[in-house]
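Tertiary structure, described
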Amino acid sequence: MTEDLTEKIKTVAKWIVESKYAIVLSGAGMSTESGIPDFRGPEGVWTKLGDDPMDVSSIAAFEDMASSKTPDPRMQEMLMGIVQKLITARPNKGHKVVGKLYKKGYVKAVITQNIDNLHQRGGAKEVIEVHGTYKTATCMTCGNKYKFEQLLQMVLQDGMFPPLCEKTQCGGFIKPDVVFFGEMLPPMALRKSMHYAETTDLMLILGSSLVVYPAANLPNIAKSNGAKIVIINDEETPKDNIADIIIRGRLGEVLPKILEEVELLEQKKGS
Ligand code: APR
């Protein structure tokens, strides 16, 4: 490990131990080491798709596909591919470190753009899913709620996506409770994420390209309220200019080293 990286890891660990209200803002880079592809990294879903993500992941594209009843093969393939990975994914070392920092009381909340439920399974309890969750789904006509397992069963049975609502006299399309481009964020999640960004004194930004708003505005809100900003990401982001520390590296390697340093500091404090 370079001298510079060692120093940065020690400083971030010190800031965590000294923080009053640390929060995490995470993106898809948090889950690539669990086998779930990110969107804009070198192997990302949008990187590989090549076209405009709007073509397949906007609410308009979803509604067109649903009403035309002719499934868009690319959307089908993309969705079924992601579903497979979501079902088999497990929390990785990064999720577990965030869970430990949460349990130790340093991290008060995790704001995530991810829909994979892996922060919860990694041990964090206060998780704000600003882009929704794959765990539930809703009929776009009558609002009937479904669990992911029901949705998957219906898709495998009918062989097409989206499945139709089973409520009598409905037959509307069932959409996963994830936020598509062009959709509003869940209001409560948005309000809570703003509150945490205004309250934190240390924002740890983990594995996000920070290009999708309003989530990408949260670092600016935190910064303007005097918080320290730490970005840990494989690639540059447009918010690097407001970061107090930037660590280029894999989260699965860097986060365990930060936790090690935190526990060393705790021992020194305890001794
Ligand atoms: N360690 C560190 N960084 C990583 C790792 C890793 N193991 N894996 C990927 N990264 C970095 C990538 O280099 C990239 O910069 O994480 C970042 C992920 O960025 P995106 O793929 O753009 O994901 P995200 O920022 O979460 O996207 C925001 O865009 O398409 C929408 O709704 C979708 O929530 C998503 C939103």
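Scroll up to find the structure this text is about.
Residues numbered from 1 in each chain as written. Predicted model: local features only at pLDDT ≥ 70, side-chain atom pairs only at ≥ 80, totals over all residues. Heavy atoms only, no water.

Near the ligand lie 22 residues; those nearest to it are E33, F39, R40, S209 and E235. Measuring from an oxygen atom of the ligand, one finds a side-chain N or O atom of S208 at 2.7 Å. One of the side-chain nitrogen or oxygen atoms of E235 is found 2.6 Å away from an oxygen atom of the ligand. Coverage of the ligand by the protein chains reaches 95% of its 730 Å² of free accessible surface. Of the residues assigned to the shell around the ligand, the class counts are six nonpolar, ten polar and six charged. A domain-level breakdown of the shell around the ligand finds at least three residues from each of domain 1 (1-36 + 91-131 + 185-271) and domain 2 (39-88 + 132-178). (Near = heavy atom within 4 Å. Polar contact = N/O pair within 3.5 Å; in protein donor to acceptor, adjacent residues only side chain to side chain. Areas by Shrake-Rupley, 256 points an atom, 1.4 Å probe, with all protein chains shown as cover. Nonpolar A, V, L, I, M, F, W, Y, C, P; charged D, E, K, R; others polar. Domains from an automatic or database assignment.)

Before going further, it helps to spend a moment on unusual backbone geometry. Cis geometry marks the peptide bond from Y213 to P214; its omega dihedral reads 5 degrees. Within the secondary structure layout, P214 lies in the loop between strand 7 (202-206) and helix 10 (218-224). The phi dihedral of N117 falls on the positive side, at around 65 degrees, and the residue is not glycine. The residue N117 is located in the loop between strand 2 (107-112) and helix 7 (118-121) in this model. A positive phi angle, close to 55 degrees, is found at L210, a residue other than glycine. (Helix = DSSP H or I, 4+ residues; strand = E, 2+ residues; numbered from the N terminus.)

A few words now on the sheet that holds strand 5 (residues 145-147). Taken in spatial order, the three strands make up an open sheet running 5-4-6, and their pairing is antiparallel. Edge positions in the sheet fall to strand 5 and strand 6 (174-178), since each of these pairs with one other strand and no more. Looking at each pair of strands side by side, their axes are set apart by 35 degrees on average, direction ignored. With four bridges joining them, strand 4 (residues 132-139) and strand 6 adopt antiparallel strand pairing. (Pairing = 2+ DSSP bridges. Axes fitted to C-alpha atoms, helices over the stretch in contact; angles between N-to-C directions.)

Taken as a whole, this structure holds twelve salt bridges when the rule is applied. Several salt bridges converge on common partners, so that one network encompasses K104, E263 and E266. (Salt bridge = Lys/Arg side-chain N within 4 Å of Asp/Glu carboxyl O.)

In space, the six strands of this open sheet follow the order 3-2-1-7-8-9, with parallel pairing throughout. Edge positions in the sheet fall to strand 3 (127-129) and strand 9 (245-247), since each of these pairs with one other strand and no more. Each adjacent strand pair in this sheet contributes to an overall mean axis angle of 15 degrees, direction not counted. Helix 6 (residues 93-103) contacts strand 1 (22-26), strand 2 and strand 7 of the sheet and is inclined by roughly 145 degrees relative to strand 2. Against the sheet, helix 9 (residues 187-199) engages strand 1, strand 2, strand 3 and strand 7, with an angle of about 130 degrees to strand 3. (Contact = heavy atoms within 4.5 Å.)

Attention now goes to the nonpolar core. Within the largest apolar cluster, 31 residues are counted, with the highest numbers of intra-cluster contacts made by I16, L204, L206, I232, L255 and I258. Of all the elements in the fold, those that place two or more residues in this core are helix 1 (3-18), strand 1, helix 6, strand 2, strand 7, strand 8 (228-232), strand 9 and helix 11 (251-270). Apart from residues no more than four positions distant in its own chain, I16 is found in contact with L101, Y106, L202, L204, I258 and V262. Formed by 21 residues, the second largest nonpolar core is a distinct cluster that contains I23, L210, I221 and I231. (Core = buried A, V, L, I, M, F, W, Y, C linked by side-chain atoms within 4.5 Å. Buried < 20%, exposed > 50% of the residue type's maximum accessible area, 1.4 Å probe, protein only.)

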